[in-house]
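So the chains spell out like this:
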Amino acid sequence: MLFWTTLKLALRSLMANKLRSLLSMLGIIIGVGAVIAMLALGAGAQKQVLDQVTSMGANLMMIMPGQGMRAGVRSGNPQTLTLDDATAILENVEQIHMVSPVVRGNAQFKYYSNNTQSSVMGVSTTYFEIRNFNIDKGRTITSAEIDRRAKVAVLGADTVTELFEDIEPIGQEVKIGGIAFTVVGTLKSKGSMGPFSYDDLAIIPYTTAMNRVLGVDYLDEIDVQIEEGADQETVQADLETLLRKRHKMRQDEDDDFNVRNMAEMVETATSVTQTFTLLLGGVAGISLVVGGIGIMNIMLVTVTERTREIGIRKAIGAKDRDILVQFLLESILLSALGGLAGVGLGVGSALATTAISGFDTVIQPFSVILALSFAVTIGVFFGFYPARRAALLDPIDALSYE
Amino acid sequence: MERVIEIEGLRKNFHMGDTIVKALDGVTLAIVKGEKVAITGPSGSGKSTLMNIIGCLTKPDAGEYILAGERVSELPGNRLAAIRNRYIGFVFQTFNLLPRLSALENVELPLLYAGAKDARQRAESALHTVGLENRMSHDPAQLSGGQRQRVAIARAIVTDPSILLADEPTGNLDTKTGEEILSLFEELHAQGRTIIMVTHDPDVADACERQIHIRDGRVVNGAIERRGN
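All of the points below concern the structure found in this document. These numbers come from a predicted model, not from an experiment.

## So, the overall build of chain A
Piece 1. Across its full length, chain A carries 13 helices and 14 strands.
Piece 2. The globule rule puts the C-alpha radius of gyration for 402 residues at 21 Å, and the 33 Å found for chain A is more than 25% above it.
Piece 3. Expressed along its principal axes, the backbone C-alpha trace of chain A runs to roughly 105 × 55 × 35 Å.
Piece 4. When each of the 402 residues of chain A is scored for burial, the buried share is 41%.

## Observations regarding helix α11 (residues 320-357) of chain A
Piece 1. Its 38 residues give α11(A) an end-to-end C-alpha distance of 54 Å, which sits within 8% of 56 Å, the value for a rise of 1.5 Å per residue.
Piece 2. Just past α11(A), the residue Gly358(A) takes up positive phi, approximately 80°.

## Considerations on the sheet that holds strand β5 (residues 70-71) of chain B
Residue and element names in this part refer to chain B.
Piece 1. Taken in spatial order, the 4 strands line up as β2-β1-β4-β5 in an open sheet, and their pairing is antiparallel. On the outer flanks of this sheet lie β2 (19-32) and β5, each paired with one strand and no other.
Piece 2. Where strand β4 (residues 62-67) meets β5, 2 bridges bridge the pair, whose relative direction is antiparallel. Residue pairing in the sheet places Ile66 in a bridge with Arg71 of β5.

## Considering the interface of chain A and chain B
Interface size is often expressed as the accessible area that is lost when the parts come together.
Piece 1. The partner chain B presents 19 residues to the 18 residues of chain A that form the contact.
Piece 2. Elements with a minimum of two residues in the side of chain A that touches chain B: α1 (2-16), α10 (307-315), α11 and α13 (395-399) of chain A.
Piece 3. Tallying contributions element by element places α1(A) first for the side of chain A that touches chain B, with 5 residues.
Piece 4. Looking at the side of chain A that touches chain B residue by residue, the class counts come to 9 nonpolar, 3 polar and 6 charged.

## A few points about the nonpolar core
Piece 1. Core analysis: the biggest nonpolar cluster contains 121 residues, and Val32(A), Ile36(A), Ala154(B), Leu164(B) and Ile196(B) have the highest contact counts within it.
Piece 2. In terms of residues, this core owes the most to one element, helix α2 (residues 18-55) of chain A, which gives 15 residues.
Piece 3. Counting residues in each nonpolar core, the second largest holds 53 residues, with Ile63(A), Val160(A), Ile176(A) and Leu214(A) among its members.

## Topic: the packing of helix α5 (residues 145-157) of chain B against helix α6 (residues 175-190) of chain B
Residues and elements named next belong to chain B.
Piece 1. Closest axis-to-axis distance for the α5/α6 pair is 10 Å, and the angle between their directions is 20°. The pairing of α5 with α6 is recorded here as roughly parallel in orientation. With respect to the hand of their crossing, α5 and α6 are arranged in right-handed fashion. Between α5, through Gly145, Gly146, Gln149, Arg150, Ile153 and Ile157, and α6, the contact on the second element is made entirely by Thr177, Glu180, Ile181, Leu184 and Leu188.
Piece 2. Tallied by class, the residues present in the contact of α5 with α6 amount to 5 nonpolar, 4 polar and 2 charged.

## Side note on the packing of α2(A) against helix α9 (residues 262-305) of chain A
Residue and element names in this part refer to chain A.
Piece 1. Axis separation between α2 and α9 bottoms out at 8 Å; the angle between their running directions is 180°. One element, α2, and the other, α9, form an angle in the roughly antiparallel class.
Piece 2. Considering only residue class, the contact of α2 with α9 consists of 23 nonpolar, 13 polar and 1 charged.

## Quick notes on the sheet that holds strand β3 (residues 36-40) of chain B
What links the strands of a sheet is backbone hydrogen bonding, and the strands pair in either a parallel or an antiparallel sense.
Residues and elements named next belong to chain B.
Piece 1. Spatially, the 6 strands line up as an open sheet ordered β6-β7-β8-β3-β9-β10, and their pairing is mixed. Pairing within the sheet leaves two strands with one partner each, and these edge strands are β6 (88-91) and β10 (218-221). Strand-to-strand, the axes of this sheet are offset by a mean angle of 25°, without reference to chain direction.
Piece 2. Bridge count for β3 against strand β8 (residues 194-198) is 4 bridges, and the pairing is parallel. Bridged to Ile39 within β8 is Val198.

Definitions and cut-offs
Residues numbered from 1 in each chain as written. Chains lettered and ligands numbered in written order. Predicted model: local features only at pLDDT ≥ 70, side-chain atom pairs only at ≥ 80, totals over all residues. Helix = DSSP H or I, 4+ residues; strand = E, 2+ residues; numbered from the N terminus. Rg over C-alpha atoms; globule rule 2.2 N^0.38 Å. Buried ≥ 20, exposed ≤ 12 C-beta atoms within 10 Å, placed from the backbone. Expected span 1.5 Å × (residues − 1). Pairing = 2+ DSSP bridges. Contact = placed C-beta atoms within 7 Å. Nonpolar A, V, L, I, M, F, W, Y, C, P; charged D, E, K, R; others polar. Core = buried A, V, L, I, M, F, W, Y, C linked by C-beta atoms within 7 Å. Axes fitted to C-alpha atoms, helices over the stretch in contact; angles between N-to-C directions. Parallel < 35°, antiparallel > 145°, perpendicular 65-115°, else oblique. Left-handed = near helix turned anticlockwise from the far one by under 90°.

See the structure below:
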């Protein structure tokens, strides 16, 4: 009974000073909003990375030449992977489902007067499945075409748009690096991963790429799909042993290739976005604390302004605790209302970010609960000192306060 | 006759810089249940301090104060709030209503602090007693001075306290309204309530059965009830 009256009263005194209440809530509103929006942004980034990784192909393992990135620089001789390595992997390593050699290069694409510079991927027939490339129109490359170094190409979605605009591309002839290729298929759009676009490319037989277009005898990458449920670490170890043997490497020599598996990449991506999220969340958390100080400030003013009221209440029998509860309730109400408004702001700005920039945001229920309860805790924490000050006022002094 | 207040040897000092002011210098008095008493004295006489002690708003430095059988002077400070709530009804010169509450809510408040269940009905009946049954939902700002003081009186009597303690209850009112308030006090007195008015207005003091006169922290007149009156 007293509680509800006190609550009603607290609400009434907040309503009596609408602008002031709003301004003192602003810190909490922004803080909570920022926490929710930042965590939504972080979770969105993580989801995007995971989607990307999955779209690269499940159970994918990539073997790159060289020793991998050392302090951001690719070191070692990059011409260490051969076609024979790829064949040997498929034949000797267990639990491997498919292998595709990959050679990469850039070339000028030309269709009549339309020109574009794009990447050329020389691959095997298995590449499409390993890398999750889906055909939009036409077909993939056949093994017969690989055997006879056929001049056929499957084009990425952006490349098609650029070269053909509205013309039906299948069956058309495109010049890639000055050589005429027949378009046999187009790919569904896949999006980009970093600076590299999976939509702006031409996929051709690796035989054609190595001998006719790029003129190389080494591979840029070997893509492997391991069997469903296979142990990635075992496969990776087997791969490494095989390649070291084939490359005749001494015990103390570093690998001249490096294997990346998806689990690792997911882990890296997750830890990066987690750090990012933590950082943003931390900054947002600081603004919550600042908001709490704003509430404390206004509560101190309120207590001073209402000294006489406190005196009257004490005279008619309010205990110190009653006064404490009253002012504490007011600051909690302030921070909780601010928190609710902040949830609105956070969710709203997350949705707006997605709507405007297309950047994925994932609003996490736990972040809403976390931010709200943090806001209320701040109300209790920063409201306690002013409320205690009110509770300990001497009734005579309070009654004679002007 | 039952004594509702017994005070003996009450002392209270204030420190003003280096000097010690003896606000109360051994006050002894008694008030009987159902009495209507005025405490008078010039300003600085110590009557406000006496009123604050009687009202349990502060504690004496020395001496004994028994209110309704409770040895209040020996209670710890944090219990005084409950004593005020139960035994004392305050009426102030400046009414001291809470501005954001309606008349009814103002009157209800002491009952809510007491944890009473039937607060609403009792508050309504108290407002009835002071003749404000038609103004219950008004805010203090919508009421005249006299009406505000009536609300304050309703708030004071709603807990059915042992004493009504009024501090210059007509001080902020015009003569006519003041007389109305005094006759309301007289009605309450006729109903058997014990009323103590602190005043330096002779008209208010004359309306009481007995005057306790304070000067320089001592009772100079009227300390004990007229026995067998």
